[in-house]
Amino acid sequence: KNNAPGLRFKFVAWTSLVLTLTLGITAAYFTDIQQRLLTDTLQSKARALGNFVGLISPEAIFGFDITTLDRFVAQISADPDIRFAVILNKSGRPLTTYLPEGVSRQQLKQWLSAPQTGKKKNLGLSILRFPITHYEDVLGTIVIGLERRHLQRLLQQNIFEQLTVYAGIILFLALVIRSEE
């Protein structure tokens, strides 16, 4: 009878350890899958927007209608996952003048100088480029900067919720095992 609390404690400790490891691995696995799915969704949304603007922009480019191009860019930039969008001419100079709140011309210049498929990891930004064509002629490029902060917040919130549920399960099981003695 003197060894019973020691055995009970060991049983609860081992059970908690196994549950913690199992649930931790499960949380890591599902977080990785969720991150890939959200990133793919974000990339798909940017591709759809970039291709759409690429299709509807030639008329405004031919007519030098900067106001319409600025409207397109402003509507894209209003999305919380998109940090900026800009339309460039053939030579790589901005045709649009719209800058989202909190973005300076210097920042935009820095982002535009990023490699074609590069990511500014320290800024959490992915730069995507889409051609604007009219038949076979390339008229310019739409550049979209995707921001990953929103995505990271969603993932952190999900991890916190998972860990809270898992901790509750482990505590509940530990209390059930303890109360049976």
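See the structure above.
Scope of this entry: the structure provided in the associated data block. For clarity, every value in this text was computed on a predicted model and none was experimentally measured.

1. Describing helix 4 (residues 105–112)
Listed in full, the buried residues belonging to helix 4 are Leu108, Trp111 and Leu112. Summarising the axial view, the buried residues of helix 4 lie within an arc of 95°, below the 170-degree limit, and thus occupy one face. Across from the buried face of helix 4, at angles greater than 90 degrees, the exposed residues are Gln106 and Lys109.

2. Looking at the side chain of Gln162
Among the structural elements, Gln162 can be located in helix 5 (residues 149–179). For Gln162, the contacting residues outside a window of four places in its chain are Ala27, Phe30 and Thr31.

3. Remarks on the packing of aromatic side chains
Per the stated rule, a full pass over the model turns up two aromatic pairs. Both rings, one in Tyr29 and one in Phe30, keep their centres 5.4 Å apart while their planes meet at 65°; by these two values the pair is edge-to-face. The class for Phe30 is partly exposed, based on a relative accessible area of 45%. With a centroid separation of 5.1 Å and an interplanar angle of 10°, the aromatic rings of Phe84 and Trp111 are classed as stacked. Here Phe84, found in strand 1 (residues 82–89), pairs with Trp111, found in helix 4; they are 27 residues apart in sequence, far enough to count as distant.

4. What to know about the pattern of salt bridges
Scanning the model with the defined rule gives five salt bridges in all. Between Asp32 and Arg36 there is a salt bridge; the shortest N-O distance is 2.3 Å. Residue Asp32 and its partner Arg36 are located together in helix 1 (residues 4–56), separated by four residues, close to a single helical turn. Close ionic contact of Asp79 with Lys45 constitutes a salt bridge, the shortest N to O distance being 3.0 Å. One end of the pair, Asp79, is in the loop between helix 3 (66–77) and strand 1; the other, Lys45, is in helix 1, and 34 residues separate them in sequence. Given a relative accessible area of 17%, Asp79 falls into the buried group. Here the salt bridges do not stand alone but share partners, grouping Lys45, Asp79 and Asp81 into one network.

5. Comments concerning unusual backbone geometry
Backbone geometry at Phe64 places phi at a positive 50°, although glycine is not the residue there. Here Phe64 shows up in the loop between helix 2 (58–62) and helix 3. A residue is classified by how much of its surface remains accessible, and Phe64, at 70% relative accessible area, is exposed.

The rules behind these values
- Residues numbered from 1 in each chain as written.
- Predicted model: local features only at pLDDT ≥ 70, side-chain atom pairs only at ≥ 80, totals over all residues.
- Heavy atoms only, no water.
- Buried < 20%, exposed > 50% of the residue type's maximum accessible area, 1.4 Å probe, protein only.
- Helix = DSSP H or I, 4+ residues; strand = E, 2+ residues; numbered from the N terminus.
- Arc of directions from axis to C-beta.
- Contact = heavy atoms within 4.5 Å.
- Phe/Tyr/Trp six-rings, centres within 6.5 Å; stacked < 30°, edge-to-face > 60°.
- Salt bridge = Lys/Arg side-chain N within 4 Å of Asp/Glu carboxyl O.

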